[in-house]
Every structure is written in structure tokens, then in C-alpha cells.
Amino acid sequence: MTAELTTEEKQYPKGLTLVIIVVTVVLASMLELLDMTIVNVALREISGSIGATTKEITWVVTAYAISNVIIIPLSGMLSNLFGRKIYFTASIAIFTLSSLMCGLSDSLAQLVLWRFIQGLGGGALIATSQTVLGEVFPPKKLVVGMAIFGGSIAMGPALGPLLGGYLTDNISWHWIFFINVPLGMLVTMLSWFYIADEKNRVKTGKFDWGGIILLAIGLGSLQFVLEEGNSYEWFDSKEIIFFTSLAVVGIISFIIWELNTKYPAADLRLLKRTNVAVGALFNFVIGAVLISVLYSYPLFTQISLGWTPTLTGLGITPGAIMTGVGIAFVQVLFRKGLNPKIIVLTGFVITSVFCFWMSAQSPASNWDSLFWPMILRGLGLSFLMLPVITLAIEGLQGYDLSQGTGICNMTRQLGSACGLALVSNRMTTMNSVFRNDLVSNINNIDVVPSATIQNVTQGFVGNGYPQQEAQTMALKVLDFSVFQQTSILGYLDSFHVVGLACIIVLPLLFLMKHDKHAKTDTSAVH
């Protein structure tokens, strides 16, 4: 009875105040998520502007990813030490200032440094935003807040390439960073005046420097290996061998340190709970699925189908909207008491169907044939994101709750990096396999390719080219055709692999336990 009265008597912000808080946290999350992908389409222009090589410029992406994966698991500890209001506001301010400095950078070293700092500020925004959002809606209306937040999470990475391409083409690459500044200043101001500290915060009074340093070495090195391994030809490179060794030593040392520290930066002892451990693994898979699709889909549509970046972005948008709508529906299922394990099972099945559907596409695919698979992808993600982490943190309270969500967010970020590395490597390998298969069937005896080469050659001769030059050009046309076909097969194969991964992890769902009477504060879910 007392608990019910407490819930009834709790005062929630209303009217304009509620709107401002929602806008603040959604904008903060969108800025962080946009910057994960907005830079990718501008790398060629940036490298030419600051005089960096193709290999060097990838550090602009890698630096951000490394700092992101380091800060995310530390967010619970830092928020507890400084208070949510100060930590959240300071993170936005750091993100905004570093965005300005990224745009003003005129050398690779400057740009990489400020991108690293930008990632430190941005990593805290996702880790804190949904906690804030969950506390400003009463339980009966929390579905609205989660739907809004789910939509922003889905839209951010999808809109990044679209917005980045537009700004780079029509203004300059500097504006992919400058656009953050006015919005960041607005969010910083609104955060300071409207974001409240969590109530009943228990201060540990300890700063785990050892854990932080070991985490930075271990996860930072691992992120570098995953981001740069393909461009360095993996273990043929001394750099990759060195950083892999450093990652192994750093991560093992971090685990030992954290298990023997009273106030750890990331409480790994929570992984002794089956739900937390399996939930972290599921989040790893979700991160891999999310980023690998956002990697493969634009390549398939732009290179194989000839779509523009704008059309590609529009193609992703309906699925992103569906994720927001689906999350609202999932919240309704929660309220009706449906077992989250059933929702998660449904989500993985839907996502695997999407992947297998995509793996059956062809060079004749168009907007209509891709629209419904992308809608299915959005629906599948909505059935996974919130239920998985809800199961993972079920029964956790207070500081353990923030630590558990931090661990799950860390594994999702690592899953994104691993998914990107594995899919990229798989596509490179399979492209070679498919090319060898196709080329082995092209010879002087086979009538079809010989006739094709002869017809194309005669076409060039008819346009005034000498016979020898026309034949060389015809072979180049054939080679390009082989490239297109092998690329398509590589992209479609990547979807097939991701679909299989969704099926393979399903048996682990039976290890998770669900207590329908458990009192877990899902407002901390992010």
C-alpha cells in the first residue's frame, strides 16, 4: 500500500517542462548517433582537404569508436560520482566544443584528437538519456517516452550518411561537425536548467583509476584491431599483432582487477548472474546486426543498384520509423504481462527472416522489393532492444542497475565493431571466391561470353575505335560486369550470415529466467 501511495504521490513534469526535457534528451541522443555514421561519406573529401592518405583518414572514424567504447561502461560510475545533472551537461558541452574543434581542424592529428574527445563526450549521452526520459513519464505513459527514444535510436545512424552526404556535397565537410554546435549549445543550456539529479544517489566516493586505465588499454586496442584489421590485412601486420596482444593483456588484467576491487569502474561480478551474462551476449549480437545491415545495405543499393545516397537514406527511413512504432507496441505487451522471452524470440525470428529475404535480392531489386524487408527489420529491432536489456537487468536495483545497463551497452558497442569487422572481412573473402567461380566459366570455348565480348568489341569499333583498343575496352567492360556480380553476391551473402547468427544464439534464451513479479526499474534501460 505504501509503495502504491509513493507512486501516486510522485510528481512528474508536465506541459512545456515535459516537452523541453524530452526534446533535450532526444536531441542529445540523436547528435551522438548521427556522429557515428555522418563522417563516413565525407572521408574522401576530408583526406583531400587535410592531406591524409586513404588509410590514415580512417582514424577519424576509429578514434571516435575507441573513445565511445571506453566511456560507455564507465558512465554508471561517473554519473554516480558527479551526479547525473553535472555529468550529462558536461558531456554535452564536451561533445559540442570538440565538434567545433573538429570542424576547425586543418591537420589529421588535430582532427583525430578532437574526434577522440568528441567520442568521450558523446558516449555518455546514450548511456544517460533514456534513464532521464524514463523518470519523467509516469508508468502508464512510459510507452510514449520509450517510443520517442526508440525512434531516435533507430533514426540516428540511418540519417547520418544522408545528412553527411548532403552537407559535404552542398556546403563543405566542415559542416558535418559545425551542425552540432548550435544544437549542442541549446541542449547544454536546457540540460543544466531542466535535467534533475537522480534521487537517493549513493556516493561510493571512489575513483577506480586502475580499472579505467586497464579498460582503456584493453577495449581501446580491441576496437582498433576490429576497426583497422581489414585495412592492415589482419595478422599479416605487425601493428595488428601488437594491438591484439595488448588487447588480450589489457582485458584479462582489467577483469582480474575489477573482480578484486571494492568499488569497480565496471562491476563484472554482475556477469555471474545468468540473465546479465546472456543479455550482454544478446546485446552484442544486436549491435552486430544493427551496424552490419547499415554497412551492407548502402553498398548494395548504391554500388549494385545505382541509388543515390539520398535515395538510400530514404530507403532506410521507413524501417527506422517502424522501430519507434514497434517499441510502443512492445511497451503495451509489457503492460499486459507478456513474457519478455517470447518477445525476444519473436524479434530474432523476424530479424532472421529479414536477413534471409535480403539475401534473396538481385540486380533487378528496386524500391518496392526492398521496402517491406526494411519495414520487417525495423519491427524486428523493436522486439529486441528493450526486452533484451529488460531481461538482463531484471531484479537489479540502484547502483547495480546502472552498472548492469553499462555492461550491456558496452557489449552492444563491441558487437557493432565486431559485426562491421566480420562482415567486411567476409565480403572481401567471398568476393574473391565468387570472382574465381565466375572467371573460371569465362573462356574462349564458351559461346556466351565469347559472343558478348565480340558484340561489345564491334560496338566500340562501330564508334570509331581501332580493333585492338576496342577489344581491350570490351574486356574491361566484361571485367566490370564480373565485379558488379561478385559485389552483389558478397552483399547478399553478408545478410545470409547475419540471419544465421540470429538463429544460432536463440537457444541461449532458454538460460534466461523471468520472474513476472520482479520489481525492476526499467527507466534505467538504455
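Residues numbered from 1 in each chain as written. Predicted model: local features only at pLDDT ≥ 70, side-chain atom pairs only at ≥ 80, totals over all residues. Heavy atoms only, no water.

Digging into the overall build of the protein
Across its full length, the protein holds 21 helices and zero strands. In the protein, once contacts between residues fewer than 6 apart in sequence are set aside, the share between residues at least 24 apart is 82%. Element-wise, carbon and sulfur atoms account for 67% of the exposed surface of the protein, whose accessible area totals about 23700 Å². (Helix = DSSP H or I, 4+ residues; strand = E, 2+ residues; numbered from the N terminus. Contact = heavy atoms within 4.5 Å. Areas by Shrake-Rupley, 256 points an atom, 1.4 Å probe, with all protein chains shown as cover.)

Section: the environment of His174
Assignment of secondary structure puts His174 in the loop between helix 9 (142-170) and helix 10 (175-178). Sequence separation between His174 and Leu104 is 70 residues, and the spatial gap between their C-alpha atoms is 7.3 Å.

A word on a nonpolar patch on the surface
A cluster of nonpolar side chains, contributed by Phe82, Ile86, Leu186, Met189, Trp192, Phe193, Tyr194, Phe207, Trp209, Ile213 and Ile217, occupies part of the molecular surface with about 1100 Å² of accessible area. A per-element tally of the nonpolar patch places helix 11 (residues 180-194) first, with five residues. (Patch = residues over 30% accessible without salt bridge, like charges linked within 9 Å, V, L, I, M, F, W, Y side chains within 5 Å. Salt bridge = Lys/Arg side-chain N within 4 Å of Asp/Glu carboxyl O.)

Focus on the nonpolar core
Phe282, Tyr297, Phe300, Val344, Phe348, Phe354 and Leu370 are the most contacted members of the largest nonpolar core, which totals 36 residues. Looking at this core, the elements that each hand over two or more residues are helix 14 (274-304), helix 16 (340-359), helix 17 (367-382), helix 18 (385-392), helix 19 (398-440) and helix 21 (467-504). Tallying contributions element by element places helix 14 first for this core, with nine residues. Setting aside its immediate chain neighbours within four residues, Tyr297 contacts Trp307, Thr312, Gly315, Ile316, Met358, Leu370, Met374 and Phe495. In terms of nonpolar packing, the next biggest core, distinct from the first, is built from 31 residues, Val69, Tyr87, Leu226 and Leu414 among them. (Core = buried A, V, L, I, M, F, W, Y, C linked by side-chain atoms within 4.5 Å. Buried < 20%, exposed > 50% of the residue type's maximum accessible area, 1.4 Å probe, protein only.)

Section: the packing of helix 2 (residues 15-37) against helix 11
Interaxial distance between helix 2 and helix 11 falls to 9 Å at its minimum, and their mutual angle equals 140°. Comparing their axes, helix 11 and helix 2 come out oblique. Like other packed secondary-structure pairs, helix 2 and helix 11 cross with a definite hand, here left-handed. Counting all contacts with helix 2, which are made through Thr17, Ile20, Ile21, Thr24, Leu27, Ala28, Leu31 and Asp35, the residues of helix 11 involved are Asn180, Leu183, Gly184, Val187, Leu190, Ser191 and Tyr194. (Axes fitted to C-alpha atoms, helices over the stretch in contact; angles between N-to-C directions. Parallel < 35°, antiparallel > 145°, perpendicular 65-115°, else oblique. Left-handed = near helix turned anticlockwise from the far one by under 90°.)

As for the packing of helix 16 against helix 17
Viewed as axis vectors pointing N to C, helix 16 and helix 17 meet at an angle of 155°, and their least axial separation amounts to 8 Å. One element, helix 16, and the other, helix 17, form an angle in the roughly antiparallel class. Between helix 16 and helix 17 lies a crossing whose hand is left-handed. Contacts between helix 16 and helix 17 pair Gly347, Ile350, Thr351, Val353, Phe354, Trp357 and Met358 from the former with Leu370, Trp372, Pro373, Met374, Leu376, Arg377, Leu379, Gly380 and Leu381 from the latter. For the contact of helix 16 with helix 17, the class distribution of residues is 12 nonpolar, three polar and one charged. (Nonpolar A, V, L, I, M, F, W, Y, C, P; charged D, E, K, R; others polar.)

Examining the environment of Thr89
Mapped onto the secondary structure, Thr89 falls in helix 7 (residues 84-104). On the basis of relative accessibility, which here comes to 8%, the residue Thr89 falls in the buried class. Thr89 sits 100 residues away from Met189 along the chain, and the two C-alpha atoms are 8.0 Å apart. Setting aside residues up to four positions removed in sequence, Thr89 forms contacts with Thr188, Ser191 and Trp192.

Points about helix 5 (residues 59-71)
Between its terminal C-alpha atoms helix 5 stretches 18 Å, which fits the 18 Å expected from 13 residues at 1.5 Å a residue. Where burial is concerned, most of helix 5 is hidden: 12 out of the 13 residues are buried. Within the sequence span of helix 5, burial applies to Val60, Val61, Thr62, Ala63, Tyr64, Ala65, Ile66, Ser67, Asn68, Val69, Ile70 and Ile71. (Expected span 1.5 Å × (residues − 1).)

None of this, on its own, says anything about what the molecule does.
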